[in-house]
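One-letter residues, chain by chain:
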Amino acid sequence: MKREKILVIEDEPDIQELIQYNLAREGYRVLTAGDGETGLKLARQEAPSLIVLDLMLPGIDGIEVCRRLQADPATRAIAVVIVTAKGEESDLVLGLGVGADDYLTKPFSPRVLVARVRAVLRRGGLSDPELSSEVIQRGPLVIDALRHEVRVDGKPVEFTHTEFKLLQFLAASPGRVFPRDHLLSRVIGEDAIVLARNIDVHVRAVRQKLGKHRDLVQTVRGVGYRFRDERSRT
Ligand code: CA
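By convention here, each chain's residues receive numbers from 1 onward along its written sequence. With the structure being a predicted model, the display of local features is reserved for residues of pLDDT at least 70 and the display and counting of side-chain atom pairs for 80 or more, all residues being used for whole-chain, interface and lining totals. Each side-chain value is worked out from all heavy atoms of the structure, with water and hydrogens disregarded.

Draft legend 1. Structural view of the confidence of the model for the protein. Looking at any residue, its pLDDT shows the predictor's confidence there, from 0 to 100. In this model, the protein carries an average pLDDT of 83, and 84% of its residues clear a pLDDT of 70 or more. Within the model, the stretch residues 125–132 combines pLDDT values under 50 with 17 contacts to residues more than four positions away or in other chains. A contact between two residues is defined here by any heavy atoms of the two lying within 4.5 Å.

What follows is the structure, encoded as structure tokens:
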């Protein structure tokens, strides 16, 4: 099983430890930060799949951390689960408004935490068989994971395993920018990190096979790639 990286931003040592312990026990690689500044720095450096984010933090608060994560194309794709104390409901709404994917209210049970984290990762990633069995339809494109088949304008087109995963991963979240190294670790696997430029080769191959629909996969200069979001076209 691939070990996904999770960053925990929480200033209370007891809670930080509780979260870290339970996620690590589930097989995740867990990084921790005690304040927003450190958290943001780690998010950029380590490109975790998910961040567990406390809202009440010293210095920059959780909402601001969320905003900055969203504003930076390098961190925008990272999933965020907010942790909030009871009575901070207005902050919670704010947090979900600035891009958080889910939330937990303190005190929470470790089991609920792990379940939420897993569910959010499942929505955004490919590690779960549930998503892999889905059929994704995007305009002229049909991606059928069960049959490992891609149809472009109704015609089946051959994709290699990696190309298929890459296309499926991008198409699952239209409009979301994925940094190259994020795509690499999620699509190709951690061992390939050294070959950072490899992803460009795979993207080129995918585009070639999409033919006249090649611009469905867009380059975000200096960052990575995204699947065109039809809903936000102007
Ligand atoms: Ca706190």
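Draft legend 2. Just unusual backbone geometry, in detail. Pro107 follows Lys106 through a cis peptide bond whose omega is -5°. Mapped onto the fold, Pro107 is located in the loop between strand 5 (102–106) and helix 5 (110–124). Backbone geometry at Ala47 places phi at a positive 40°, although glycine is not the residue there. Going along the chain from the N terminus, every DSSP run of H or I of four or more residues is numbered as a helix, and every run of E of two or more is numbered as a strand. Its location among the elements puts Ala47 in the loop between helix 2 (36–46) and strand 3 (50–54).

Draft legend 3. Looking closely at the packing of helix 2 against helix 3 (residues 62–71). Under this scheme, a helix contributes an axis fitted over its contacting stretch, all axes are lines through C-alpha atoms, and angles between N-to-C directions fall in the 0 to 180 degree range. Two elements in contact, helix 2 and helix 3, have axes separated by 10 Å at closest approach and are oriented at 25°. Between helix 2 and helix 3, the angle falls in the class roughly parallel. With respect to the hand of their crossing, helix 2 and helix 3 are arranged in right-handed fashion. Contact with helix 2, carried on its side by Gly36, Leu40 and Ala43, involves Val65, Arg68 and Leu69 of helix 3 and no other residues of that element. For this classification, Asp, Glu, Lys and Arg are treated as charged, while Ala, Val, Leu, Ile, Met, Phe, Trp, Tyr, Cys and Pro are nonpolar and the rest, including Gly, are polar. For the contact of helix 2 with helix 3, the residue count by class is 4 nonpolar, 1 polar and 1 charged. Oblique is the label for any angle not covered by the other classes, which are roughly parallel (under 35 degrees), roughly antiparallel (over 145) and roughly perpendicular (65 to 115). Definitions for this section: a left-handed crossing has its near helix turned counterclockwise from the far helix by less than a right angle. A right-handed crossing has that turn clockwise.

Draft legend 4. Representation of the side chain of Asp144 within the structure. Mapped onto the secondary structure, Asp144 falls in strand 7 (residues 141–144). Each residue gets one of three labels from its accessible area relative to the maximum for its type: buried under 20%, exposed over 50%, partly exposed in between, using a 1.4 Å probe on protein chains only. The class for Asp144 is buried, based on a relative accessible area of 8%. Not counting the four nearest positions on each side in its chain, Asp144 is found in contact with Glu134, Val135, Glu149, Arg151 and Phe164.

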